[in-house]
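Here's the letter readout for the chains.
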Amino acid sequence: MIGGVVVSAFAALGGLFKPKSFAGLFGAAPSVALATLGLTVASNGRIYAAIEARSMIGGVLAFLLYTSCVCWVMMRLQWRALVATTLLIPLWFAAALGYWFGFLR
C-alpha cells in the first residue's frame, strides 16, 4: 500500500512538469526501486537491502550530476544533445565510482 501511494505521488508530481513524458519517468523509477528493495529484503535480508538502497542513492546522485552538466553544456555551449550526452557519460561513471569508493567501501 505504501508503495502504491508513493508511486501515485510521483506520477502526480511528474504530471505537473512539461513535457508530460516526465510523468512516466517519475512514476516508473520509484516503483522499480521499491519492488527491487522488497524482493531483496525477502530474499537476502534487511542489511543487504540497506546496502542496495545506498547504492541506488549513489546512482541517483551521479545521474543528477550528469544530467545537470548535460543541460548546462547544451544551454551554455549550444552542444547538440547526442554530443553532450555521449561525451559526458564518463562524468556519470566517475561520479558513481567516486560515490562507491567514498561511501560504500
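Small disclaimer: the values here were computed from a predicted structure and weren't measured. (Residues numbered from 1 in each chain as written. Predicted model: local features only at pLDDT ≥ 70, side-chain atom pairs only at ≥ 80, totals over all residues. Heavy atoms only, no water.)

When helices and strands are counted, the protein shows five helices and zero strands. Of the regular secondary structure in the protein, the N- to C-terminal order runs α-α-α-α-α. Within the protein, buried positions represent 13% of all 105 residues. Partitioning the intrachain contacts of the protein with sequence separation of at least 6 by distance along the chain shows that 35% fall at a separation of at least 24. Within the structure as shown, the protein displays about 7700 Å² of accessible surface, and the carbon and sulfur contribution to it stands at 76%. (Helix = DSSP H or I, 4+ residues; strand = E, 2+ residues; numbered from the N terminus. Buried < 20%, exposed > 50% of the residue type's maximum accessible area, 1.4 Å probe, protein only. Contact = heavy atoms within 4.5 Å. Areas by Shrake-Rupley, 256 points an atom, 1.4 Å probe, with all protein chains shown as cover.)

Tyr66, Val70, Val73, Ala84 and Leu88 form the largest nonpolar core, which has five residues in total. Non-local contacts of Val73, meaning those with residues more than four positions away in its chain, are made with Gln78, Trp79, Ala84 and Leu88. (Core = buried A, V, L, I, M, F, W, Y, C linked by side-chain atoms within 4.5 Å.)

Inspection of the secondary structure assignment puts Thr40 in helix 2 (residues 21-44). By relative accessible area, Thr40 is classed as buried at 11%. For Thr40, the side chain forms a polar contact with the main-chain oxygen of Thr36, separated by 2.7 Å. Once residues lying within four places of it in the same chain are set aside, the contact partners of Thr40 are Gly45, Tyr48, Ala49 and Glu52. (Polar contact = N/O pair within 3.5 Å; in protein donor to acceptor, adjacent residues only side chain to side chain.)

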